[in-house]
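Next come the chains, spelled out residue by residue.
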Protein chains: 2
Amino acid sequence: MSEESSGNTRKVEVVPSPALFPVYFENRDCTVVVIDVFRATSAICAAFESGIESLIPVATMEEAIDYKQKGFLVGAERNAEIVPGFDFGNSPLGFMDGQFKGKTIVLTTTNGTRAVEMAKPASKVVIGAFTNLAAVCDYIEKEDKDVLLLCAGWKDRFNLEDTLFAGAVVKQISKNLRFTNLSDSSIAARHMYDSAEADLFEFLGESSHRKRLSRMNMEEDIIYCLTLNQSDIVPVLEGNVIVSNK
Amino acid sequence: MSEESSGNTRKVEVVPSPALFPVYFENRDCTVVVIDVFRATSAICAAFESGIESLIPVATMEEAIDYKQKGFLVGAERNAEIVPGFDFGNSPLGFMDGQFKGKTIVLTTTNGTRAVEMAKPASKVVIGAFTNLAAVCDYIEKEDKDVLLLCAGWKDRFNLEDTLFAGAVVKQISKNLRFTNLSDSSIAARHMYDSAEADLFEFLGESSHRKRLSRMNMEEDIIYCLTLNQSDIVPVLEGNVIVSNK
């Protein structure tokens, strides 16, 4: 049998919303890439690039408050704003000055950290963003497992930017004959990325979350989040903690 | 205020999977278009075009058996095959000879009739397929409500053909300034339809359900389901029964 036969290829599926994760999560021995381009996963990649030691993602404000009371550095974002009383939010630019170098930080966000929580039963969970696209694709290929590209979306709705990133991953990894068993959602995401690749910023002009962030004067964050391959680190979940693969 | 201001425009959202319907269903006073291109909604349109009086959609086999025992003409499809003992399945070509003219029929299918059931709380529920695309778009514009394009998918997974039809509707109705408040899922579906429009059959070559039906020698059905505007009837749900809008 050739490598192209479906028996020997890995399934690559895009999960368009966290609410659909249970539908797609059939094989636990898979690599789940958690995607929240604006801005949680871009921020996590930036935090590791700036030298943090590890990051504890938590889904709820209750857990975040608990860590804060124990003296941890805790970031909390809800509805695109820093929650008052917390140390930072999910702006990737907030990590640029290296203030958290060598530290363990805690983070909760509207969509992204909830998606990480959901993916925990998978054998591998990694953090993907345009800023570490090539590194994530290399990682997936080396793992050589079925792949679920989990779009964090916006409150369980489909969103454009996460799907575009998923499409970018599908486009790259499906060049490898091991990753050619594409679901309909993967085919759709790849087509979308083909349409958008030449100018992601322009393509996302109409998208709901870009408009939301633009209204909040977050254009700099948007540009950062859409700039490819600024980091070769893949943040990987180990137990309840995200660490660098380096 | 101009008609372009968002306060005066109707929301148009594509629901990528029935499992996400509760997330998108916020305003009950909306038009829901149920979409199951391969093949339930194409078959329902064909049945009305061939002159049936009405169609009772049922979600479960239990209900279908109940109607059968009461003497109704009942169609039942599961996993793309007619359930043994039933009168027909969901092949649109099965309605072409006019054998059900003037009759009331009952139908249950893997995905489509379940989606109809789910949509019942909406103020208007209509049946959409490429075969009645223009008629559905006219209907939506006249109703002048928010629009949910509900893709029946395949067992709660995203599928290409239903999303493409949704994209075709978005493309058409968004020419009308009343229907320009597009969600991310609508923008994505419209982009996909732009890529596919020139040759739907070719575009769907890789899709999971086209492959599933091709393996089952259903190419004729596929070609029929992808041929635009063969009917100007819009099947409309009234209570628990679907009737023609004519």
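Here the structure is shown first, and the text comes after it.
Only a predicted model underlies this, so the values are computations on that prediction, with no experimental measurement involved.

Asks: Go over the interface of chain B and chain A with me, naming the residues and quoting the values.
Replies: In this complex, chain B contributes 27 residues to the contact, which on the side of chain A involves 27 residues. Looking at the side of chain B facing chain A, the largest losses of area belong to Arg157, Phe158 and Asp184 of chain B, adding up to 30% of the total buried there. Between the two partners, chain B and chain A, sit four salt bridges. In this structure, glutamate 13 of chain B engages arginine 157 of chain A in a salt bridge whose closest nitrogen and oxygen atoms are separated by 3.1 Å. With eight residues, the top contributor of residues to the side of chain B that touches chain A is helix 7 (residues 184-196) of chain B.

Asks: Account for empty space enclosed by the protein, with residues named and values stated.
Replies: Summed over all chains, the structure comprises four cavities of 30 Å³ or more. Around the largest cavity, the lining comprises 16 residues; the ones closest to its centre are Phe158, Thr163 and Ala188 of chain A together with Phe158 and Ala188 of chain B. Secondary structure elements with two or more residues in the lining of the largest cavity: helix 7 (184-196) of chain A together with helix 7 of chain B. A breakdown of the residues in the lining of the largest cavity according to their chemical character gives twelve nonpolar, four polar and no charged. Quantified by volume, the second largest cavity comes out at close to 70 Å³.

Asks: So, the relation of the copies chain B and chain A: which residues are in play, and what are the values?
Replies: Mapping chain B onto chain A leaves a residual RMSD of 0.0 Å; the transformation is a rotation of 180 degrees accompanied by 0.0 Å of translation along its axis. This pairing of chains is accounted for by a two-fold axis. Among all residues of chain B, the minimum C-alpha distance to the rotation axis is found for methionine 192 of chain B, at 3.4 Å. Both copies present the same face, since 100% of the interface residues in chain B are matched by interface residues at the equivalent positions in chain A.

Asks: With reference to specific residues and values, describe the pattern of salt bridges.
Replies: Here the idea is simple: oppositely charged side chains can pair when their charged atoms come close. By the definition in use, this model includes 27 salt bridges over all chains. Salt-bridge contacts for glutamate 117 of chain A lead to lysine 120 of chain A; the nearest nitrogen and oxygen are separated by 3.1 Å. Since its relative accessible area comes to 33%, glutamate 117 of chain A is described here as partly exposed. Arginine 39 of chain B is paired through a salt bridge with aspartate 221 of chain B; the nearest N and O atoms lie 2.7 Å apart. Highlighted residues: arginine 39 of chain B in the loop between strand 2 (30-35) and helix 2 (40-49) and aspartate 221 of chain B in helix 10 (residues 219-225), separated in sequence by 182 residues. Per residue, the accessibility class of arginine 39 of chain B equals that of aspartate 221 of chain B, and both read buried. Through salt bridges with shared partners, one network takes in Lys11, Glu13 and Glu26 of chain A together with Arg157 of chain B.

Asks: Summarise the layout of surface pockets; cite the residues concerned and give the values.
Replies: There is about 610 Å³ of room inside the largest pocket. The wall of the largest pocket is formed by 27 residues, among which Asn181, Leu182, Ser183 and Asp184 of chain A together with Ser208 of chain B lie closest to the centre. Put simply, the parts of the chain that give the lining of the largest pocket at least two residues each are strand 1 (11-15), strand 9 (181-182) and helix 7 of chain A together with helix 9 (208-215) of chain B. Considered class by class, the residues forming the lining of the largest pocket number six nonpolar, nine polar and twelve charged. In this structure, the second largest pocket spans a volume of roughly 530 Å³. Along its surface, the second largest pocket is lined by 24 residues, and Ser208 and Arg212 of chain A together with Asn181, Leu182 and Ser183 of chain B are the ones closest to its centre. Going through the elements one at a time, helix 9 (208-215) of chain A together with strand 1 (11-15), strand 9 (181-182) and helix 7 of chain B are the ones with two or more residues in the lining of the second largest pocket. No other element matches the four residues that helix 9 of chain A contributes to the lining of the second largest pocket.

Asks: For the packing of helix 6 (residues 160-173) of chain A against helix 7 of chain A, give the residues involved together with the corresponding values.
Replies: All names here are of chain A. Two elements in contact, helix 6 and helix 7, have axes separated by 7 Å at closest approach and are oriented at 100 degrees. Judged on the interaxial angle alone, helix 7 and helix 6 are roughly perpendicular. Here Leu160, Thr163, Leu164, Ala166, Gly167, Ala168, Val170 and Lys171 of helix 6 come into contact with helix 7, specifically with Ser186, Ala189, Arg190, Met192, Tyr193, Asp194 and Ala196. Among the residues making up the contact of helix 6 with helix 7, the classes are represented as nine nonpolar, three polar and three charged.

Asks: Provide a residue-level description of the packing of aromatic side chains, including the pertinent values.
Replies: Aromatic ring pairs are defined here through the distance separating the ring centres and the angle between the ring planes. This model, assessed by the stated rule, comprises twelve aromatic pairs over all chains. Relative to phenylalanine 25 of chain A, the ring of phenylalanine 21 of chain A lies with its centre 4.8 Å away and its plane at 20 degrees, an arrangement referred to as stacked. Three or more aromatic residues joined by ring pairs form one cluster here, namely Phe88, Phe95 and Phe100 of chain A. The positively charged end of lysine 70 of chain B is found above the aromatic ring belonging to tyrosine 67 of chain B, 5.5 Å away from the centroid. Sitting above the plane of the tyrosine 24 of chain A ring, arginine 157 of chain B keeps its charged end 4.7 Å from the centroid.

Asks: Talk me through helix 6 (residues 160-173) of chain B; I want residue IDs and the actual numbers.
Replies: Residue and element names in this part refer to chain B. Between its terminal C-alpha atoms helix 6 stretches 20 Å, which fits the 20 Å expected from 14 residues at 1.5 Å a residue. Taking burial as the measure, the 14 residues of helix 6 include twelve buried ones, the bulk of the element. Listed as buried for helix 6 are Leu160, Glu161, Asp162, Thr163, Leu164, Phe165, Ala166, Gly167, Ala168, Val169, Val170 and Ile173.

Asks: Hey, could you go over helix 2 of chain B for me, with residue numbers and the actual values?
Replies: Residue and element names in this part refer to chain B. Helix 2 sits mainly inside the fold: nine of its ten residues count as buried. Taken together, the buried positions of helix 2 are Ala40, Thr41, Ser42, Ala43, Ile44, Cys45, Ala46, Ala47 and Phe48. One or two steps after helix 2, the chain reaches glycine 51, where phi turns positive at roughly 105 degrees.

Definitions and limits used
- Residues numbered from 1 in each chain as written.
- Chains lettered and ligands numbered in written order.
- Predicted model: local features only at pLDDT ≥ 70, side-chain atom pairs only at ≥ 80, totals over all residues.
- Heavy atoms only, no water.
- Contact = heavy atoms within 4.5 Å.
- Buried area = accessible area lost by both parts, 1.4 Å probe.
- Salt bridge = Lys/Arg side-chain N within 4 Å of Asp/Glu carboxyl O.
- Helix = DSSP H or I, 4+ residues; strand = E, 2+ residues; numbered from the N terminus.
- 1 Å grid on protein atoms, 1.4 Å probe; cavity = no way out; pocket = protein on both sides within 12 Å on 5 of 7 lines; lining within 4 Å.
- Points joined across faces, edges and corners; volume = space filled by probe spheres on them.
- Nonpolar A, V, L, I, M, F, W, Y, C, P; charged D, E, K, R; others polar.
- Least-squares fit on C-alpha atoms with pLDDT ≥ 70 in both.
- Buried < 20%, exposed > 50% of the residue type's maximum accessible area, 1.4 Å probe, protein only.
- Axes fitted to C-alpha atoms, helices over the stretch in contact; angles between N-to-C directions.
- Parallel < 35°, antiparallel > 145°, perpendicular 65-115°, else oblique.
- Phe/Tyr/Trp six-rings, centres within 6.5 Å; stacked < 30°, edge-to-face > 60°.
- Lys NZ or Arg CZ within 6 Å of the ring centre and 35° of its normal.
- Expected span 1.5 Å × (residues − 1).

This is a description of form; function is not addressed.
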